[in-house]
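# Architecture at a glance
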Amino acid sequence: MTHSAAATHRVDERLSPGATATFGVQHLLIMYAGSVAVPLAFGAALGLDQATIAMLINADLLIAGIITVVQSLGVRSVLGARLPIIGGATFVQVAPLIAIAHEHGLPAVWGCMLAGGLIGMALAYPFARIIRYFPPLVTGTVLVVVGVSLVSVAGGLIVGSVRTAPTYGDMGRIGLAALVLVVALAFVTLGRGFWSQAGLLVAIAAGVLVAWPMGLLDFGRVGGAHWFGVVRPFHFGAPTFPIAGVISCGIVMTVIFAETLASLMALSEITGKRLTRGDIARALAADGLSGVLGGIMNSFYDTVFNQNVGAVRTTRVHSRYVTALAGVLLVVLGLIPKMGAVVAALPGPVIGGAALMLFGTIAVVGIQTLRRAGLADSTNATIVAVSVGLGLLPKFSPGMFDRFPSWSTTILSDGVVLAAVSAFVLNLVFNHTWLALAPHRDESVRLAAANADAEEAHAAPAPVASFPAHA
């Protein structure tokens, strides 16, 4: 690695070309499966043919790469947080987009997405002004639920998602994932310098070598993939904008904002980078941009990928130029379908074994964040307990909200969203009203509430909001 000046923050460090390439590829491998899962799920639900689904995957990778570069490097003072961010498609949008497709057709899906992206870009800066209502109590709770919920995704990669399949729970697949996990654990905890930071990549490479003689590597689709291909804008025809669909995508956009905000708080904790209100607004505006570009190029909404936040924590490589290179590689994969097919051929157990550590790391970051949430106060502790419980409920009891009105499923069927809404509302009620001054509340809570009231009454709101940094 290169040695930067003392005044240079770790997120602005420029590593050697070899290290940048190594860690950039590592980020790419970590996020790839999760990113393409959204177009795969969307295409399968609508019965789209393989060629169309492949086109959606290429579009998804292309836009994810552009947003990753924008978030990592920034565009003047308008877009991008300038943090080590990997952007990727979020599952929050899948159910609403499928509903729009069934009700209004495919042109409406990307028309409503385009409109929702414009709404998001317009709301980014106003939304950033309410960040004081997202303290560690809220963001820590969401991160815990995110980390725990994603464990099932890792499990699905390892054993499969269809219980009746003959390979489900295969001991060989589980053993392969265990090997990847053990190798990653050994390198991350016992290695030094580069080898500790590249532990995940080494583990994935070891897993691929073992998977080869096991017959788990399938490059059959690589030969049929083209070397170069550009996605055609508005592939499904001129976009349409049904009002109900536009409103639905607008709601999805605000939910994505909450996801991104929690991830930004985690990155602030991990990297020690203090975030301003402008940083957050630019990051949210980039989320909105993903909707605009996605609507044009047949892609999907992107958010900050939590598994890559976990990778930043695990590897301790905080340079935003590493993720920027990963973004460039994603653009290349989006333009060269054959290269994307090679990456897609990586066995699920290999990626799942590495992901298991990353997803657990996200939960740990949430726990560390909650240490600053004033849990000595019983009300705050109860807010966390209720929100975590609600957040995990849809994961452990899938389908429990199927009989509710379709417009409510965006919130109720996604545990992360449910936890975020619950923690936000309960924090608002108990910590930003007269209830915060109740005699039974912890002294630190009452003091913070009194100070907040004093600031509201006697001082103009600060133009910049920053967050305490904890490396």
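Above this text you will find the structure in question.
Residues numbered from 1 in each chain as written. Predicted model: local features only at pLDDT ≥ 70, side-chain atom pairs only at ≥ 80, totals over all residues. Heavy atoms only, no water.

In terms of helices and strands, the protein chain carries 18 helices and two strands. In the protein chain, 83% of the contacts between residues at least 6 apart in sequence involve partners at least 24 apart. Total accessible area on the protein chain stands at roughly 20100 Å², and carbon and sulfur atoms take up 68% of it. (Helix = DSSP H or I, 4+ residues; strand = E, 2+ residues; numbered from the N terminus. Contact = heavy atoms within 4.5 Å. Areas by Shrake-Rupley, 256 points an atom, 1.4 Å probe, with all protein chains shown as cover.)

Attention now goes to the packing of helix α4 (residues 106-128) against helix α10 (residues 277-297). Interaxial distance between α4 and α10 falls to 7 Å at its minimum, and their mutual angle equals 170°. On the basis of their axis angle, the class for α4 and α10 is roughly antiparallel. Among the residues making up the contact of α4 with α10, the classes are represented as 16 nonpolar, six polar and two charged. (Axes fitted to C-alpha atoms, helices over the stretch in contact; angles between N-to-C directions. Parallel < 35°, antiparallel > 145°, perpendicular 65-115°, else oblique. Nonpolar A, V, L, I, M, F, W, Y, C, P; charged D, E, K, R; others polar.)

All right, on to the side chain of N380 then. In this fold, N380 is placed in helix α15 (residues 378-396). Not counting chain neighbours up to four residues away, the residues in contact with N380 comprise L137, A373, G374, L375, N431, R441 and V445.

Next up on the list: the nonpolar core. In this structure, F42, L97, V109, W110, L264, I280 and F300 are the most contacted members of the largest nonpolar core, which totals 119 residues. Tallying contributions element by element places helix α9 (residues 243-271) first for this core, with 14 residues. With residues near it in sequence (within four places) discarded, W110 still touches F42, L56, F236, G294, G295, N298, S299 and F300. The next biggest cluster of nonpolar side chains, apart from the first, holds five residues, and it includes L15, A19, V317 and V322. (Core = buried A, V, L, I, M, F, W, Y, C linked by side-chain atoms within 4.5 Å. Buried < 20%, exposed > 50% of the residue type's maximum accessible area, 1.4 Å probe, protein only.)

As a further point, take the environment of M113. For M113, the position within the fold is in helix α4. Under the relative-accessibility criterion, M113 is labelled buried at 0%. When the C-alpha atoms of M113 and F241 are compared, they prove to be 9.0 Å apart, with 128 residues separating the residues in sequence. When near neighbours in sequence (up to four residues on either side) are disregarded, M113 contacts Q93, L97, C249, G291, G294, G295, S299, F300 and Y301.

Among the 10 residues that make up helix α11 (residues 306-315), nine are buried, leaving the element largely enclosed by the rest of the structure. What α11 keeps buried is the set N306, Q307, N308, V309, G310, A311, V312, T314 and T315. The first or second residue beyond α11 is R316, which carries a positive phi of 65°.

Attention shifts here to unusual backbone geometry. Look at R76: it is not a glycine, yet its phi comes out positive at around 50°. Mapped onto the elements, R76 comes out in the loop between α2 (50-73) and β1 (87-89). Even without a glycine there, the phi angle at R82 is positive, about 55°. The class for R82 is partly exposed, based on a relative accessible area of 24%.

Let us now look at a nonpolar patch on the surface. A cluster of nonpolar side chains, contributed by V386, L390, L393 and M400, occupies part of the molecular surface with about 270 Å² of accessible area. Considering the arrangement of structural elements, one finds M400 in the loop between α15 and α16 (409-412). On the basis of relative accessibility, which here comes to 37%, the residue M400 falls in the partly exposed class. (Patch = residues over 30% accessible without salt bridge, like charges linked within 9 Å, V, L, I, M, F, W, Y side chains within 5 Å. Salt bridge = Lys/Arg side-chain N within 4 Å of Asp/Glu carboxyl O.)

Taken as a whole and judged by the stated rule, the model has three salt bridges. Linking D12 and R320 is a salt bridge whose minimum nitrogen-to-oxygen distance equals 2.7 Å. In this pair, D12 sits in the segment before α1 (17-46) while R320 sits in helix α12 (residues 320-335), placing the two residues 308 residues apart along the sequence. Residue class for D12 comes out partly exposed when judged on its relative accessible area of 27%. Its relative accessible area of 10% is what places R320 among the buried residues. Salt-bridge contacts for E269 lead to R372; the nearest nitrogen and oxygen are separated by 2.1 Å. With E269 in helix α9 and R372 in the loop between α14 (348-370) and α15, this residue pair connects regions lying 103 residues apart in the sequence. A residue is classified by how much of its surface remains accessible, and E269, at 11% relative accessible area, is buried. What makes R372 partly exposed here is its relative accessible area of 31%.

Limitation: the analysis is restricted to geometry and does not speak to function.
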